[in-house]
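# Residue-level structural notes
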Amino acid sequence: MLLLKTENLHTYYGHVHALKGISLEVEEGEIVTLLGANGAGKSTTLRTISGLVRPREGEVKFKGHVLNHVPAHRIVQMGVCHVPEGRRIFTTLTVMENLMMGAYTVKDERVVQENLQRVFDLFPRLAERKNQLGGTLSGGEQQMLTIGRALMARPSLLLLDEPSLGLAPMLVKAIFDTIREINARGTTILLVEQNARAALKIAHRAYVLETGRVVLSGPAQELMQDERVRKAYLGER
Amino acid sequence: MQQLLQQLINGITIGAFYALVALGYTMVYGVLKLINFAHGGLFMWGAYVGLTGLNVLLVLLAGGGAVAIFPTAVIVMVTIAMVGVLVERVAYRPLRSAGRLAPIISALGVAFILESLARNVYGASYKTYPTGLIPVGRVEILQGVRVSLMQAIVLIVSFLLMAALYLFVYRTRIGTAMRAVALDHEVSRLMGIDVDRIIATVFLIGPGLGGLAGMIVALYYGSFDFTLGWIFGLKAFISAILGGIGNIPGAMLGGMILGIIETLGAGYVSPQWKDVIAYVILILILIFRPTGLLGERVAEKL
Ligand SMILES: Nc1ncnc2c1ncn2[C@@H]1O[C@H](COP(=O)(O)OP(=O)(O)OP(=O)(O)O)[C@@H](O)[C@H]1O
Ligand SMILES: [Mg+2]
């Protein structure tokens, strides 16, 4: 089933034309990755989907509903959670309070406890640190917290913006394993990554963005073999 | 020793007033990084609405005395809270993405409007609250240390309100959302928090408390005029900075400290010098702790 569809998205920051007609689709159950150089418009695509910025043209459709004018906090309620770039945890809130903010849209206390249990299963470290202030966590733990916090709403679509950025190689592997695990448990994922090799390895399909346009797309396996991708994003010559 | 204790009790009473008003400044600063200069005006309007409310109720109840105070207090809180929400809606929200200067000017504008309105509606002369509502007796709690019934009520009410606010902000879901919004609007939206609604809630609570404080101050001193908002408002604002603006326990602490320093200065040196003493001490504190006593984040965006 088609979960997310964007059609010809044009998004601006003032006069900066950041997205120049992005069309992409995400099927239920997939991991889809967005690749591209710095400034290609990957984050802007996610921000347009989650309602933080609005497209001047085009449409975002989730489960058949047009999201263009739905406020960002209602989009979360509909099942789209966005983990933004750069580990933005609430530093002076405890780990537990951070997680509870992730569950802000969940009204049923039983469901909150269930989701909390799942998150702690996935990230036992967070359970150990639950009474610590967010700002005192290590970088890797903070990244776990941002992902765990988003999962507290049990989204049907998870938007991840460079979850591996700035993490040690060991942790990068752990994060990608976790993403695969989250997907295996039934969450559809749209993943933005600079680490193209690791992203293509776990993704079903991929889109390559250049200066606000989709220049390539297809099954991850195929793109991994593609000349241009190998040269530009996998560092081969 | 008794004198010191007596001064401390008096100081804490004044400090409680400052603290109640300082909370409004600090909560708004927390979520909007805006100094709500209109807050002093809302506080002053609390005194005026309280005056009218009491006078009307006293007539309606045919001289019911102290019984009129409680319903009036509720009317004051509700009215000023609604005005607070209205101010945010019409004067601040449209300017939310307009940089930092425009909202400050808007806040000053609202402050002037509130003051002019008060002067035009109630006149420039001193107003006095009906007397004899609360019996004037004093109780000696220790040898030589006396607390009036009024003072006891003021202290108990203020501390209950502050405790309730503290629990709300630190123990409830909406209170936690307020702290989240104060840290990061965008991420708060991504949590599904309706940021506009949280901000409106802050403008319900801050002015509600501030308005009630206005009525309590007027009851305590018996008379006031339209300049009440500037004097008290400024001191409460200073209390908020002293405690660390944006920090809720800080506003309570800052208010207490300012109230105590002022009272001790007036008692031990001279009333004419109390402001000089108080503000020299404040400047010294800020030199050594520019972020205020409990502020961690720098007062950078001021
Ligand atoms: N707040 C902003 N104001 C103005 N221009 C912006 C803003 N945010 C992004 N841009 C511009 O929009 C374009 C797309 O930016 P975006 O952040 O989406 O890129 P990205 O692919 O996520 O890059 P990176 O890999 O560096 O995160 C860039 O040219 C960028 O300079
Ligand atoms: Mg980006």
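Look a little higher up for the structure.
Note that the structure is predicted; figures quoted are calculated from it, not measured.

## What to know about the coordination of the magnesium ion (ligand 2)
Residue and element names in this part refer to chain A. Looking at the magnesium ion (ligand 2), one finds its protein donor set to be Ser43 (OG) and Glu85 (OE), positioned 1.9 to 2.6 Å from the metal centre. In this pair, Ser43 sits in helix α1 (residues 42–49) while Glu85 sits in the loop between β6 (80–83) and α3 (95–102), placing the two residues 42 residues apart along the sequence. Using a relative accessible area of 17% as the deciding quantity, one classes Ser43 as buried. With relative accessibility at 35%, the residue Glu85 sits in the partly exposed group.

## A closer look at the pairing of strand β1 (residues 2–13) of chain A
Residues and elements named next belong to chain A. As paired elements, β1 and strand β2 (residues 16–27) share nine bridges and run antiparallel to each other. Counterpart to Tyr12 in the pairing with β2 is His17. Remark: two residues form the turn of the hairpin made by β1 and β2, two consecutive strands paired antiparallel; Gly14 in that turn has positive phi of roughly 60°. Sheet topology note: the β1/strand β4 (residues 57–62) ladder contains five bridges and is antiparallel. Residue pairing across strands places Thr6 opposite Val60, the latter belonging to β4.

## Focus: the site of ligand 1
Residue and element names in this part refer to chain A. Neighbouring residues of ligand 1: 13 residues in total, closest Lys42, Ser43, Thr44, Glu85 and Gln194. Here Ala40 contributes a backbone N or O atom positioned 3.2 Å from an oxygen atom of ligand 1. Between Glu162 and ligand 1, the recorded distance is 3.3 Å, taken from a side-chain N or O atom to an oxygen atom. Across the complex, the protein chains shield 62% of the 630 Å² of accessible surface that ligand 1 would expose by itself. Considering every element that reaches the shell around ligand 1, the biggest residue donor is α1, with three residues. Partitioned by chemical class, the residues of the shell around ligand 1 number four nonpolar, six polar and three charged.

## Examining the packing of helix α6 (residues 139–151) of chain A against helix α7 (residues 169–184) of chain A
Residue and element names in this part refer to chain A. Remark: α6 packs on α7, axes separated minimally by 11 Å, with the N-to-C direction vectors making an angle of 10°. In terms of their interaxial angle, α6 and α7 are classed as roughly parallel. Contacts from Gly140, Gln143, Ile147 and Leu151 of α6 reach α7 at Leu171, Ile175 and Ile182. Here the contact of α6 with α7 is composed, by residue class, of five nonpolar, two polar and no charged.

## Details of the pattern of salt bridges
Scanning all chains against the criterion turns up 21 salt bridges over all chains. Taking the shortest distance from any N to any O, the salt bridge between Arg88 of chain A and Asp184 of chain B comes out at 3.1 Å. Placement of Arg88 of chain A in the loop between β6 and α3 and of Asp184 of chain B in the loop between α6 (173–183) and α7 (185–190) is noted, with the two residues assigned to different chains. According to the relative accessible area criterion, Asp184 of chain B is buried, its value standing at 16%. Taking the shortest distance from any N to any O, the salt bridge between Asp196 of chain B and Arg96 of chain B comes out at 2.7 Å. Of this pair, Asp196 of chain B sits in helix α8 (residues 195–221) while Arg96 of chain B sits in the loop between α3 (69–92) and α4 (101–122), and the two are 100 residues apart along the sequence. Looking at Asp196 of chain B, the relative accessible area reads 30%, which means it is partly exposed. The exposure class of Arg96 of chain B is partly exposed, given its relative accessible area of 30%. Connected via shared salt-bridge partners are Arg47 and Arg88 of chain A together with Asp184 and Glu186 of chain B.

Definitions and cut-offs
Residues numbered from 1 in each chain as written. Chains lettered and ligands numbered in written order. Predicted model: local features only at pLDDT ≥ 70, side-chain atom pairs only at ≥ 80, totals over all residues. Heavy atoms only, no water. Donors = N, O, S within 2.8 Å, 3.2 Å for Na, K, Ca; no water. Helix = DSSP H or I, 4+ residues; strand = E, 2+ residues; numbered from the N terminus. Buried < 20%, exposed > 50% of the residue type's maximum accessible area, 1.4 Å probe, protein only. Pairing = 2+ DSSP bridges. Near = heavy atom within 4 Å. Polar contact = N/O pair within 3.5 Å; in protein donor to acceptor, adjacent residues only side chain to side chain. Areas by Shrake-Rupley, 256 points an atom, 1.4 Å probe, with all protein chains shown as cover. Nonpolar A, V, L, I, M, F, W, Y, C, P; charged D, E, K, R; others polar. Axes fitted to C-alpha atoms, helices over the stretch in contact; angles between N-to-C directions. Parallel < 35°, antiparallel > 145°, perpendicular 65-115°, else oblique. Contact = heavy atoms within 4.5 Å. Salt bridge = Lys/Arg side-chain N within 4 Å of Asp/Glu carboxyl O.

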